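Inside the fold
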Amino acid sequence: MEPKSTMDMVLIPNMDTIDIVLGSSEKGNVVPSAKPRKKTMTSVYLKYFETAPDGKTRRCKFCGQSYSIATATDGSWVFAMVGVNGYDNMATIYLYYYLINLMIHLHCEGNLGRHLSNRHPGYDKTGENVTSSAPQPSTTPTVIKKPQQQGRAPQVDYDHLNWLLIKWLILATLPPSTLEEKWLANSFKFLNPSIQLWPGEKYKAVFREVFRSMREDVRASLEQVSSKVSIALDFWTSYEQIFYMSITCQWIDENWSFRKVLLDICHVPYPRTGSEIYNSLVKVLKMYNIENKVLSCTHDNSQNAIHACHALKEDLDGQKMGPFCFIPCAAQTLSLIIDDALRTTKPVIAKVREFVQELNASLDISEDFIQLATAYKEGSWQFPLDASARWSGSYQMLDLVQKAGKSMDAVVRKNEEMLGNRMLLNTAEKNVVNIVHNYLEPFYKVISEICVNTPPTIGMVIVFMDHISDTITTRQPPDWLKNPAEDMAKKLRSYNNQVCNIFIYMTAILDPRIKCELIPESLNSENYLEEARAHFVRNYYTTSFSSMTSGYSSQDIEDGGAVSFAEEIARKKRRASMSNATDELTQYLSESPAPTKTDVLEWWKVNSTRYPRLSAMARDFLAVQATSVKPDELFCSKGDEIDKQRFCMPHDSTQAILCIKSWTQGGLKLKYKSTEIDYERLMEMATAAAADISSAGIDKKQK
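Residues numbered from 1 in each chain as written. Predicted model: local features only at pLDDT ≥ 70, side-chain atom pairs only at ≥ 80, totals over all residues. Heavy atoms only, no water.

With an unreviewed UniProt entry as reference, the protein is termed BED-type domain-containing protein, source organism Gossypium aridum.

Let us look at the packing of aromatic side chains. In the structure shown here, the tally under the stated rule is 21 aromatic pairs. Look at Y395 and Y444: their rings are 4.3 Å apart centre to centre, the planes differ by 10°, and that puts the pair in the stacked class. Separated by 49 residues along the polypeptide, Y395 in helix 11 (residues 391–414) and Y444 in helix 13 (residues 427–452) bring together distant segments of the chain. Residue classification places Y444 among the partly exposed residues on the basis of a relative accessible area of 38%. Here the aromatic cluster, defined as three or more aromatic residues joined through ring pairs, consists of W256, Y588, W603, W604 and Y611. Sitting above the plane of the Y679 ring, K167 keeps its charged end 5.0 Å from the centroid. Positioned above the aromatic ring of Y588, the side-chain terminus of K515 is 4.3 Å from the ring centre. (Phe/Tyr/Trp six-rings, centres within 6.5 Å; stacked < 30°, edge-to-face > 60°. Helix = DSSP H or I, 4+ residues; strand = E, 2+ residues; numbered from the N terminus. Buried < 20%, exposed > 50% of the residue type's maximum accessible area, 1.4 Å probe, protein only. Lys NZ or Arg CZ within 6 Å of the ring centre and 35° of its normal.)

Time to look at the confidence of the model for the protein. Residues of the protein with pLDDT of at least 70 account for 73%, and the chain-wide mean is 79. A low-confidence stretch, residues 125–156 (pLDDT under 50), is modelled with 62 contacts involving residues beyond four sequence positions or located in other chains. Confidence drops under a pLDDT of 50 for residues 545–561, and excluding neighbours within four residues, the segment shows 22 contacts in the predicted structure. (pLDDT = per-residue confidence, 0-100. Contact = heavy atoms within 4.5 Å.)

This part covers the packing of helix 9 (residues 346–361) against helix 11. Close contact between helix 9 and helix 11 brings their axes to 10 Å; oriented N to C, the two are set at 70°. Relative to helix 11, the element helix 9 lies roughly perpendicular. Our pair here, helix 9 against helix 11, has a crossing hand that is left-handed. The residues of helix 11 that touch helix 9, namely those facing I349, V352, R353, F355, V356 and L359, are G393, S394, M397, L398, L400, V401, M408, V411 and V412. Each residue belonging to the contact of helix 9 with helix 11 can be placed in one class, and the counts come to 12 nonpolar, 2 polar and 1 charged. (Axes fitted to C-alpha atoms, helices over the stretch in contact; angles between N-to-C directions. Parallel < 35°, antiparallel > 145°, perpendicular 65-115°, else oblique. Left-handed = near helix turned anticlockwise from the far one by under 90°. Nonpolar A, V, L, I, M, F, W, Y, C, P; charged D, E, K, R; others polar.)

Laid out in structure tokens, this is it:
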């Protein structure tokens, strides 16, 4: 989603006791009735102090009182804490760093300010001719306090810290109650005893307001979408046994780019049937005013979701809002099929996973394995190995046994005292692993392709699923794998039956890599082609476009006009022949499919002038989502972290935190009421504070 123009930030540390001023040149400045004092993060007290000869203290110019210079600015313990808690997001790490620097700065600011206020009232009226190191604000964001009584020093503002903590909670997907943990609170107090954090209820209130404000921006952006949109549903249950549904929306914009936004995280009330899911879904669609734009819904294959989508289709059909289709998630289907295949090998995989966890935990054992794998020529392995219970981890367990079985046995025997013999695989177990590994290799290739092609088009996914179907039906598994293979085939037939319709046919042929040539036989039908042509003529064949382009194809553009005279004649004849075609769809399908590595949206962007009507149809149908979740989140260890965050989030924070995080990752600015929070400026100010402290340390060393 395109970010809107950024206004200068308004910080709100205490919404009841401050006046707010916008420094935006577009909005103009709002001037309070009484002229207040402006404060920035950079110290305004340093001009009243000088560095003592010992380089370790600052000395008051009025009375000679000395204060120690804080020098702990490297933040190394912050990085250590990040490593222990597993927060590997670099943005989160840097935010920790800035928070610590900010607290150190506030600590120094508080000591100096309190000294001047208590010992030298009216110090700022003395006319002391000392140049301040603080930069003079121009149109930068400013918090303006109400006028204070003459002779009192201004109090330290903690608004920067509180808003940085808001950002930290969002990046780390943590509830506001995190800040009420006593050890964290004590850490803040250790750095600055006078630190003032908002109470937990205030953080929650701010999050609710930020959620409402940003949701309005999402709704305004969706109102500008001129094409159809596709939605996808995902479900999970929290530790509080609350059932949630996430609704995402995807479309293709005028520049032929995929756009995706999370619409909402809904609590689906008990008994969580299709009726409750339908009511929650319709409420969200109406709230965003997109119920007349929805072309398809991709669900998670559950029966309740299917019933909800069926009710939505009946509703939309009754209002004659155009075609609507709901389809199962291809990734969820593949995941269920793979679970069937791995059913008989779970005990073996569990032994291998235990071995891998020991490798990951011990540097000595992992080095032994690397050396032995090199000696046995069993490949190069990067640690830590993926030991997750998801597909990526399970397949790596199989891969390890097949490709480095000798090294694995040697490591277990060498470290027998630590590992014991329980991890050694016998001949029968190794044979089982090899058979399942070979059987699932096509699945591995397909899933790898789906994960790297983000988002995968429904046409290409149909081709992949057809390949999986051939793999299951043509291979003869051993007796112990026949029952799982039958269950796999049953699930795949169910998926194929649900996607074998005219809607999916139209979506598939509009993929220039697929067209009619690569569509599975079960989906390729003359009747479907005629229905697709009728839908195109009825809904997209208008007179608002010029009939055809003026004679240059995409190949002409690629060649830059540098073609032979004979080739010009040949292309002219082909264009003349194609111009007699009954419509753009016929001409499009008469050409050979594009190479499989072609960027589909880039192809349509280049060729939209050749097919102005058909490209409008392609924008609608190519936005149909083949999966209800990102494939890499379902098949890779990345999904474990997402599941943990969702499961642990309390109900009073789930909707706001998860939606705000998704929206900011999509490009929207954090917004409180009508004002965007300029975190770039906040970071600049925190950096300046850290630089002041660092320069003080350098001055000390030089002296």
